[in-house]
Amino acid sequence: MRVIGHIAVNVFRESVRDKVLYNLVIFAVLLIAVSLLLGQLTAGQDIKIIKDLGLAAISLFGLFIAVFIGIGLVSKEVERRSIYSLLSKPIRRQEFIAGKYLGLVLTLLVNVTVMTAAYYAVLGSMAWVAGGWFLPAWEAPAMDPALLKAIAMIFLQLMMVTALALLCSTFTSPILATALTFGLYIVGQFNADLKHFETIVASRPVALLARILYYVLPNLSRLDVKTQVVHALPVPAGYMLWSAAYALAYVAALLALATAIFMRRDFK
Amino acid sequence: MPAIVIDNLTKDFSVGFWRPRPYRALDRLSLSIEQGEVFGFLGPNGAGKTTTLKLLMQLQFPTSGRAEILGRPVGDVGVKRRIGYLPESPYFYDYLTAEELLNYFASLMGYSSADRRTRVPGLLDEVGIGGERRMQPRKFSKGMLQRVGIAQAILNDPEVVFFDEPMSGLDPLGRRAVRNLILKLRDRGCTVFFSSHVLSDAEALCSRVAILVGGSLVAAGALTDVRAFSARGWELVVANLAPEILDRHRARIQGVTLISERRYALELPLQPAPDALLRDLIAAGAHLISLNPMRETLEDYFVEMVKQHPGRRKDDVARPA
């Protein structure tokens, strides 16, 4: 665990020094600019739009970090040959993978936490300008704690995407790995449609293939509760827990696969 | 117990995209290196030296054969604590300074922060970049990078250290510093296994050498036992040598080169030893400038070996195992 911790902290330090956290400034500026612009719209609509936009921005900014840094976690070390010195130290390859993954998750955690704070600050300031924390025209309070549920689910999504990026980078080139990860992210948004594919196709083999793909491909739409929380619809705790369990199990499987591939890899 | 045992180590790569064919980079290499030795692993580019080192570091996995370091299989984490490795043309993280890099590696090796505070600056001073410890490697010259690489390789006072082309990119002062460092490591009891294609490095440092050509071991043993290093004659440089004296001894001399007036480079056979001739020339008034054994150059040796191993060059595909 000690070795994994040192590798993870180093990944975080790399992100900070590579100015990855600058995205937080862009996020804050974007959110404040849009909120000022929306101040002109009908009361009640602007807060909802900001809620939607903020959650989408947290998700999108996190996605770019997860994919682009996630791909580089392994491929940069291999391309630049810094992995030669690193793996000659008393570390196991599985510790390398785990440390790299946890380092990026730590980076994402800091990012998402700061973005969440900025998000709530903007929502709070909008409510203050509007003259109340929960106006009758709104479906939910401006600084609704339920938004945290959506953010937690976004974070779980990002954990899955990071694991996907890491896995792809263990066996293919950075460009292909990036394309593959984005592809899987998009497929993951529509994966739920595969579950009931047999109702719209007659062919049994195709239906069976669709069912297999449903279980194998990431189901990211399960972790998307943005619409529910913005419209103050309930998100049961049981659903949250099962979704979290699914995401963590999927991450564990992806990391196990990435490790298995990486353990056999020759560095030429 | 030998420090390193390599037993029939073989590595095949697959070359070609549509019709992959095996390319044998290393062919049944067997070696045993004793503890405390400075062992030179020599060969031209593409001979399989780096492949061997990568196999020993388990950066690559062998097609067949096995290797042990300090009595344990390669890749054993316990062994990695006791060894060091300098890769060829090392590269490090751009975002870490030299000091931070060594601190990071030292933390991976389990050193406490108190240990690191004393060990890291001392080591950077030892390799001659103490003044640049807060610079990032991207601002370093190739020679400075090499020194950082050497520092990280000896960070843990290793019992066995592997250097892949340690002199690469170094100026004469740097080369001398690395030579002295290797000798210092030997004096501490450290086994040094280093690869090079420069004969003079091996001559200055090694107790034994192995020569690899086209993935195959073509010679191994003490310096004097290896043909590439055995003298084939003597080169005697003398001044104030009268031409008539030279003519008198022509039968004992294989070749004569006039350097300047009354100054000659004489090529003598290995046997008889040049002592008697030297005495006679000095008695006739000549001054001794130098007497050196003439050796076949490593380059000549490599060229000859490559000729003897047709079809084993880097761009050729070896026979399947």
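Quantities reported herein were computed from a predicted structural model and do not represent experimental measurements.

**A few points about the interface of chain B and chain A**
Right, on to step 1. Facing 21 residues of chain B, the contacting portion of chain A comprises 20 residues.
Right, on to step 2. Contributing elements (two or more residues each) for the side of chain B that touches chain A: helix 2 (77-80) and helix 3 (98-108) of chain B.
Right, on to step 3. Considering every element that reaches the side of chain B that touches chain A, the biggest residue donor is helix 3 of chain B, with four residues.
Right, on to step 4. Here the side of chain B that touches chain A is built from residues that sort into 15 nonpolar, three polar and three charged.

**Things to note about the pairing of strand 2 (residues 21-33) of chain B**
Residues and elements named next belong to chain B.
Right, on to step 1. Two strands pair when backbone bridges link them, and strand 1 (residues 4-15) and strand 2 are joined in this way by nine bridges, in the antiparallel orientation. Paired with Asp12 across the strands is Arg24, a residue of strand 2.
Right, on to step 2. The loop that links strand 1 with its antiparallel partner strand 2 comprises five residues; one of these, Gly16, has a positive phi angle of about 95°.

**Examining the domain arrangement of chain B**
Size of an interface, as often reported, equals the accessible area lost when the parts are brought together.
Right, on to step 1. What the domain assignment reports for chain B is domain 1 (4-226) and domain 2 (230-295).
Right, on to step 2. Of note, the centres of domain 1 of chain B and domain 2 of chain B, computed from C-alpha atoms alone, are 42 Å apart.

**Things to note about the environment of Arg186 of chain B**
Residue and element names in this part refer to chain B.
Right, on to step 1. Structurally, the position occupied by Arg186 is in helix 6 (residues 172-187).
Right, on to step 2. Exposure remark for Arg186: the 18 C-beta atoms within 10 Å place this residue in the partly exposed category.
Right, on to step 3. Between the alpha carbons of Arg186 and Glu159 there is a distance of 9.6 Å; along the sequence they are 27 residues apart.
Right, on to step 4. If we skip the residues at most four places from it in the chain, Arg186 touches Gly36, Val38 and Val192.

**What to know about the sheet that holds strand 14 (residues 287-295) of chain B**
All names here are of chain B.
Right, on to step 1. The sheet built from four strands is open, its strands ordered 12-13-11-14 with antiparallel pairing. Because the sheet does not close on itself, it has two edges, and the strands there are strand 12 (255-260) and strand 14. If you compare each strand with its neighbour and ignore which way they point, the axes differ by 20° on average.
Right, on to step 2. Direction of pairing for strand 11 (residues 231-239) relative to strand 13 (residues 263-269): antiparallel, over a ladder of six bridges. Bridged to Val238 within strand 13 is Tyr264.

**Quick look at the confidence of the model for chain A**
Right, on to step 1. Scored by pLDDT, chain A has a mean of 88; 96% of the residues are at 70 or more.
Right, on to step 2. By mean pLDDT, the top-scoring element of chain A is helix 11 (residues 237-263) of chain A (96), and the lowest-scoring one is helix 2 (residues 22-38) of chain A (78).

Quick notes on the rules
- Sequence positions are assigned chain by chain, starting from 1 and proceeding in written order.
- Following the order in which they are written, the chains are lettered starting with A and the ligands numbered starting with 1.
- Residue-level local features of this predicted model are given only where pLDDT is at least 70; pairs of side-chain atoms are given and counted only at 80 or more, and the full residue set underlies all totals for whole chains, interfaces and linings.
- Here, residue contact means that the backbone-derived C-beta atoms of the two residues sit within 7 Å.
- Going along the chain from the N terminus, every DSSP run of H or I of four or more residues is numbered as a helix, and every run of E of two or more is numbered as a strand.
- Residues are grouped as follows: Ala, Val, Leu, Ile, Met, Phe, Trp, Tyr, Cys and Pro are nonpolar; Asp, Glu, Lys and Arg are charged; every other residue, Gly included, is polar.
- For two strands to pair, DSSP has to find at least two bridges joining them.
- Domain delimitation in this document rests on an assignment produced automatically or drawn from a domain database.
- Three classes are used. A residue is buried when 20 or more other C-beta atoms lie within 10 Å of its own, exposed when 12 or fewer do, and partly exposed in between, with C-beta atoms placed from the backbone.
- Every axis corresponds to a line fitted to the C-alpha atoms, with the helix fit spanning only the stretch in contact, and the corresponding angles, defined between N-to-C directions, vary from 0 to 180 degrees.
- Summary of the metric used: pLDDT quantifies the predictor's per-residue confidence within the range 0 to 100.

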